[in-house]
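# Understanding the architecture of this molecule
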Amino acid sequence: MSLVPCPFRERFLPTRLDELCHAQGIALKRIPLRNAAVLFIGAVCLCLCALLYLQLEQSRRHDLSQAQVASSNLTRAMAQQAEDTFMQADLVLTSLVDWIQADGFGPAQRPRLQKTFVRRVQALDQLHGILLFDQKGQWVVTSFEALPRGNGVADREYFRFHQQNISSVAHIGPAIRSRENGEWIIPISKRVNDRKGQFQGVLLAGIKMSYFEQFFKGFSIDDNGAMFLALTDGTLLARRPYVQAQIGTSLAKGEIFQNLLPRATSGNAMFASEMDSIVRLHGYRQLEAYPLVVSAASSRGSILADWYDTAFRSSAIVVLVMLGIGLIGWVFIRQVRVGEQVEADLRQAQQALELIATHDS
């Protein structure tokens, strides 16, 4: 059975074509809407992630900046205390050396010297003792009740230094064990000359290692933090946490002595410690009056502990918001797809009706 054009074709065809074009126009508008929705949701999620990153990065930098300021203040206080500690001992030695070089240290002067040594030690908490050695390294006068016995101190680093150097400047040597009672001390010493400038001996004051241990404990640092006092050549004198085996070891190949101190006498840097490999923010400062370096370090984990907590909570909130947006977007896109399918079915039905309306059987 063939189809024959309907007599009313001319009347109904324009109307049907207009409706078809209108339906196609709606379809053309609906298809970009779905894509636009996907792009919009993606853009919102990316913006949230970017804002979270910027906020967290700014917060991290702020925490590190605050830690650097605190580290600089801490090392400045440490340097001042260390300088005062050694300067007090230096002044005592200077006055005693002037007296000894003027009056000598013969048998007649020794009782008076011994009493003076005792008074000086009692006046300064940091002093372990004051000892006078002759040109052979034997004990002559000490602040202790009895003279130590033994082979003397001619083998000690500080004694050899003064034998070979005519400088009257105080010398600070590596930490040693006292041959009086075995206590760890940091020696500060001065050369004693006769009236002709010839070497006559060494006057030494021992700074208690325990004094610096107590001094370090007075500062608040985290459990993984560290402090140290060292010579400018890297020889470790005192450290918190205290590990006896590390006293006297060299830090010369560490980051502070190898790279930082040659460029600046004070500063901050984040790096892994050569002692225990823990990453810390290290503040350091070289003393002006003495060849000493102090450093205080806080672990990166403790500095950023609050930041990590904030980052976790903020990230969790952003993830939940993104999931919510994604769920709403999925529902919206699904509805758009359903609408498109309904519209497609309506177009097919409309085309069938138009075919029936424009042709007769």
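On a predicted model such as this, the values are computed, not experimentally measured, just so you know. (Residues numbered from 1 in each chain as written. Predicted model: local features only at pLDDT ≥ 70, side-chain atom pairs only at ≥ 80, totals over all residues. Heavy atoms only, no water.)

### Some thoughts on the packing of aromatic side chains
Just so we agree on the cut-off: Any two of the Phe, Tyr and Trp rings considered here, Trp counted by its six-membered ring, make a pair once their centres fall within 6.5 Å; the pair's planes then place it as stacked at under 30 degrees, edge-to-face at over 60, or tilted in between. Between buried and exposed lies partly exposed: a residue is buried under 20% and exposed over 50% of the maximum accessible area for its type, with that area taken using a 1.4 Å probe on protein chains only.
Tallied over the full model, the rule gives eleven aromatic pairs. Ring geometry for Phe-215 versus Phe-219: centroids 5.1 Å apart, planes at 85°, classification edge-to-face. Given the relative accessible area of 15%, Phe-215 is considered buried. One aromatic cluster is present, built from ring pairs that chain together Phe-86, Tyr-211, Phe-212, Phe-215, Phe-216, Phe-219 and Tyr-290.

### Some remarks on the confidence of the model for the chain
For clarity, the cut-off: The pLDDT value expresses, per residue, how confident the predictor is, ranging between 0 and 100. For the purposes of this entry, the term helix denotes a DSSP run of H or I that reaches at least four residues, the term strand denotes a run of E that reaches at least two, and both are numbered from the N terminus. Residue contacts follow a heavy-atom distance rule, with two residues in contact if any of their heavy atoms lie within 4.5 Å.
For the chain, per-residue confidence averages 85 on the pLDDT scale, and 91% of positions sit at 70 or higher. Mean pLDDT per element in the chain: strand 1 (residues 4–5) is the minimum at 46, and strand 4 (residues 171–172) is the maximum at 96. Confidence drops under a pLDDT of 50 for residues 26–31, and excluding neighbours within four residues, the segment shows eight contacts in the predicted structure.

### Points about the environment of Val-92
Tracing the sequence through the fold places Val-92 in helix 1 (residues 9–103). Between the alpha carbons of Val-92 and Phe-117 there is a distance of 9.3 Å; along the sequence they are 25 residues apart. What Val-92 contacts, discounting residues up to four positions off in sequence, is Arg-120, Leu-124 and Ile-130.

### Describing helix 7 (residues 305–358)
Applicable threshold: Any helix carries an expected span of 1.5 Å times its number of residues minus one.
When the terminal C-alpha atoms of helix 7 are compared, their 78 Å separation across 54 residues agrees well with the 80 Å that a helix rising 1.5 Å per residue should span. Among all positions in helix 7, only Trp-307, Ala-311, Ser-314, Val-318, Gly-329, Ile-333, Val-336, Glu-340, Glu-343, Gln-350, Glu-354 and Thr-358 are buried.

### Quick look at a positive patch on the surface
Formally: Like charges are joined within 9 Å and nonpolar side chains (Val, Leu, Ile, Met, Phe, Trp, Tyr) within 5 Å, but only among residues with over 30% relative accessible area and no salt bridge; these make up the patches. Here the accessible surface of atoms and residues is derived via Shrake-Rupley with a 1.4 Å probe, and residues count as covered only by protein chains that are part of the display. Whenever Lys or Arg places a side-chain nitrogen within 4 Å of a carboxyl oxygen from Asp or Glu, that contact is recorded as a salt bridge. Working convention for charge: Lys and Arg count positive, Asp and Glu count negative, and His plus the chain ends are omitted. Taken as the charge centre is NZ of Lys, CZ of Arg, CG of Asp or CD of Glu, depending on the residue.
The grouping of Arg-112, Lys-115, Arg-119 and Arg-120 at the surface amounts to a positive patch. Its place among the elements puts Arg-119 in helix 2 (residues 110–123).

### Some remarks on the nonpolar core
What counts is decided by this rule: The set of buried Ala, Val, Leu, Ile, Met, Phe, Trp, Tyr and Cys residues whose side-chain atoms join them within 4.5 Å is what this entry labels a nonpolar core.
Counting 49 residues, the largest nonpolar core has Phe-86, Leu-203 and Leu-229 as the members making the most contacts within it. Broken down by element, this core gets its largest block of residues, twelve residues, from helix 1. Setting aside anything within four residues of it in sequence, one finds Leu-229 in contact with Ala-82, Phe-86, Ile-186, Phe-212, Phe-216, Leu-236, Leu-237, Ala-238, Leu-292, Val-293 and Val-294.

### Thoughts on the pairing of strand 7 (residues 199–208)
Selection criterion: When DSSP locates at least two bridges between a pair of strands, those strands are taken to pair.
With eight of ten residues buried, strand 7 lies mostly within the body of the structure. In the sheet, strand 2 (residues 127–134) pairs with strand 7 via seven bridges, with the strands oriented antiparallel. Across the sheet, residue Leu-127 finds its bridge partner in strand 7, namely Ile-207. When strand 6 (residues 184–193) meets strand 7, the two strands line up antiparallel, connected through nine bridges. Note that in strand 7 the partner of Val-192 across the bridge is Gly-201. A loop of five residues connects strand 6 with strand 7, the two strands running antiparallel in sequence, and Gly-197 in this loop sits at a positive phi of about 85°.

### Description of the sheet that holds strand 11 (residues 279–286)
Convention followed: Every angle, taken between N-to-C directions, lies between 0 and 180 degrees, and every axis is a line fitted to C-alpha atoms, over only the stretch in contact when it is a helix.
With antiparallel pairing, five strands are arranged side by side in an open sheet as 9-8-12-11-10. Edge strands, defined here as strands with exactly one partner in the open sheet, are strand 9 (236–240) and strand 10 (266–272). Each strand of the sheet is rotated relative to its neighbour by a mean of 20°, with strand direction disregarded. The pairing of strand 11 with strand 12 (residues 292–299) spans seven bridges and is antiparallel.

### Some details on the environment of Phe-199
With respect to the secondary-structure elements, Phe-199 resides in strand 7. In this structure the C-alpha to C-alpha distance between Phe-199 and Asn-165, which are 34 residues apart in sequence, comes to 9.4 Å. If we skip the residues at most four places from it in the chain, Phe-199 touches Gln-135, Phe-159, His-162, Gln-163, Arg-191, Val-192 and Asn-193.

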